Amino acid sequence: MSRASLGPEEIKDYIDEERQRAAREMEAFLREAHLAPARVILAPKESSTGVTICNIAREVGADLIVAGTHGRTGILKLLLGSVAEEVLINSGVDVLAVPPGRR
């Protein structure tokens, strides 16, 4: 964002807005799934999603990471990458990879 010539205050405002949006979306998702988390962690980071998940799991002392997968294979997986796969490779704790449900 600093490369786009945004000042520190604009970057802070953007991150605050995104944090609030993410919190609303997470709250709605959990409510819809009838889940009540012990805590919610929203942490903007500049690393890849998979590495961020693993780092935060380490920071909070997680015993398990549950990661949904898209079930992509072949060239799609090669081109698009896989957050779940990155978590599986980098995690220091057990990972439960949940494939999409069948229709």
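For the structure itself, consult the block above.
This section reports on the structure supplied with the text. (Residues numbered from 1 in each chain as written. Predicted model: local features only at pLDDT ≥ 70, side-chain atom pairs only at ≥ 80, totals over all residues. Heavy atoms only, no water.)

## Let's talk about the pairing of strand S1 (residues 64-68)
- Burial along S1 is one-sided: the face carrying Ile65 and Ala67 is buried and the face carrying Leu64, Val66 and Gly68 is not.
- As paired elements, S1 and strand S2 (residues 94-98) share five bridges and run parallel to each other. Counted as the bridge partner of Ile65 is Val95 from S2. (Buried < 20%, exposed > 50% of the residue type's maximum accessible area, 1.4 Å probe, protein only. Helix = DSSP H or I, 4+ residues; strand = E, 2+ residues; numbered from the N terminus. Pairing = 2+ DSSP bridges.)

## Overview of a nonpolar patch on the surface
- A cluster of nonpolar side chains, namely Leu64, Val66, Leu96 and Val98, defines an oily patch on the protein surface of about 340 Å² accessible area.
- Elements that contribute at least two residues to the nonpolar patch include exactly S1 and S2.
- Taking relative accessible area as the criterion, Val66 reaches 54% and is therefore assigned exposed. (Patch = residues over 30% accessible without salt bridge, like charges linked within 9 Å, V, L, I, M, F, W, Y side chains within 5 Å. Areas by Shrake-Rupley, 256 points an atom, 1.4 Å probe, with all protein chains shown as cover. Salt bridge = Lys/Arg side-chain N within 4 Å of Asp/Glu carboxyl O.)

## Some words on the side chain of Ser91
- Of note, Ser91 is situated in the loop between helix H4 (83-90) and S2.
- On the basis of relative accessible area, Ser91 is assigned to the buried category, the value being 17%.
- Of note is the side chain of Ser91, whose polar atom sits 2.8 Å from the backbone oxygen of Val93.
- Look past the residues within four positions of Ser91 in its chain and what remains in contact with it is Cys54 and Ile65. (Polar contact = N/O pair within 3.5 Å; in protein donor to acceptor, adjacent residues only side chain to side chain. Contact = heavy atoms within 4.5 Å.)

## A closer look at the packing of helix H2 (residues 49-60) against H4
- Where H2 contacts H4, the axes come no closer than 8 Å and their chain directions differ by 45°. On the basis of their axis angle, the class for H2 and H4 is oblique. For the crossing formed where H2 meets H4, the hand is right-handed. Judged by residue contacts, Thr49, Gly50, Val51, Ile53, Cys54 and Arg58 of H2 engage Val83, Glu86, Val87 and Asn90 from H4.
- Residues of the contact of H2 with H4, tallied by class, amount to five nonpolar, three polar and two charged. (Axes fitted to C-alpha atoms, helices over the stretch in contact; angles between N-to-C directions. Parallel < 35°, antiparallel > 145°, perpendicular 65-115°, else oblique. Left-handed = near helix turned anticlockwise from the far one by under 90°. Nonpolar A, V, L, I, M, F, W, Y, C, P; charged D, E, K, R; others polar.)

## Digging into the side chain of Thr52
- Tracing the backbone through its elements, the reader meets Thr52 in helix H2.
- When residues no more than four places from it in sequence are discounted, the contact partners of Thr52 are Ala43, Lys45 and Ser47.

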